[in-house]
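Here is how the chains run, residue by residue.
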Amino acid sequence: MFFDLAPKEEPRDFFNYEKERLELAGFLADPRARIAVITGLRRTGKSSLMRVALKKAGAKHVMVDARGLATLNRKSFESAVLSGLKKIRGVGSRLLERIESVEAGVRLSLRSSEDIWSLLGKTAPVIAVDEAQMLRGTRVDDFLAAAHDNTKCKIILTGSEIGVLESFVGKDNPKAPLFGRDYREIKMHPLAPEKAREFLLAGFSQEKKSLPEEQLGRALASLDGIVGWLALYGNLEASGEKN
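Residues numbered from 1 in each chain as written. Predicted model: local features only at pLDDT ≥ 70, side-chain atom pairs only at ≥ 80, totals over all residues. Heavy atoms only, no water.

*Asks:* Give a description of the pairing of strand β5 (residues 126-130) that names residues and reports values.
*Replies:* Among the 5 residues of β5, 5 are classified as buried, and the element is accordingly described as predominantly covered. Of the two faces of β5, both are covered, the one formed by Val126, Ala128 and Asp130 as well as the one formed by Ile127 and Val129. Bridge count for strand β2 (residues 61-65) against β5 is 5 bridges, and the pairing is parallel. Residue pairing for β5: His61 is matched across the bridge by Val126. As defined by bridge partners, β5 adjoins strand β6 (residues 155-159) across 3 bridges and the pair is classed as parallel. Bridge pairing links Val129 to Leu157 in β6. After leaving β5, the chain enters helix α6 (residues 140-150) and then returns to the sheet as β6, a path that is right-handed. (Buried < 20%, exposed > 50% of the residue type's maximum accessible area, 1.4 Å probe, protein only. Helix = DSSP H or I, 4+ residues; strand = E, 2+ residues; numbered from the N terminus. Pairing = 2+ DSSP bridges. Right-handed = clockwise from strand over helix to strand, strands pointing away.)

*Asks:* Which residues make up the nonpolar core, and what values do they have?
*Replies:* One broad rule of soluble globular proteins: the nonpolar side chains tend to lie buried together. The biggest cluster of nonpolar side chains holds 34 residues, and the ones touching the most others in it are Leu24, Ile156, Leu191, Phe199 and Leu200. Elements that contribute at least two residues to this core include exactly α1 (18-29), β1 (35-39), α2 (46-57), β5, α8 (193-206), α9 (213-223) and α10 (227-239). Beyond its immediate stretch of four places on either side in the chain, Leu191 contacts Phe15, Asn16, Tyr17, Ala196, Phe199, Gly225, Val227 and Leu230. Counting residues in hydrophobic clusters, the runner-up holds 32 residues, among them Val62, Leu82, Ile88 and Val129. (Core = buried A, V, L, I, M, F, W, Y, C linked by side-chain atoms within 4.5 Å. Contact = heavy atoms within 4.5 Å.)

*Asks:* Can you lay out unusual backbone geometry for me, pointing to particular residues and giving the numbers?
*Replies:* The phi torsion at Glu131 lies on the positive side, around 55°, for a residue other than glycine. In this structure, Glu131 sits in the loop between β5 and α6. We classify Glu131 as buried; its relative accessible area is 5%. With phi around 75°, Arg139 is a residue other than glycine that occupies positive phi space.

By themselves, these are just geometric observations and shouldn't be taken as functional.
The structure is reproduced here in structure tokens:
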């Protein structure tokens, strides 16, 4: 459903951004391509693009949302990677054999610091990191550089603070761990006015609801084609809550 507020995972729920989806699908299919960076304003569909493309490709992947980490440091990030590896079919039993402890039911540690690299080397999942710019200064970029250099893992990063994200991937900074690694940038953008209108009309059709033309026009003028805000507006209208 277009007005569902969670990040989309099914292609049928992902509106309009077919060009960007195909770009990311091309990245996933190209064995030479290793890093993709998805940029754009907040709520323009970066997370949904990443999730939809990964699901449609059937790619083994580990998803880490920096906003959900208990603390912004490398240890928490590696724990999240291990948790994600455990969910990949066929990896769980092997991972359980190597787990030394579980902290607070979330954090996992391995008996050997080399085991995570062994698992990544054998499974080669896509490491997908949402809001990666939040991890600047945490040494997670060291981890990703090592994953790039020592495994066949692909890496997808999303970020809405473009300058900070560029700093994280080492653009123009020879001292940065990820400097010199080639990456593909995929830019998300607001919907054009006619597409924003089409989105709202299609979403309200799914909800079996319609709006007066004047009210629809005011919403379109106010929300600037940002698909996340359009979805929130539609969700509130469909549920009868005041905007």
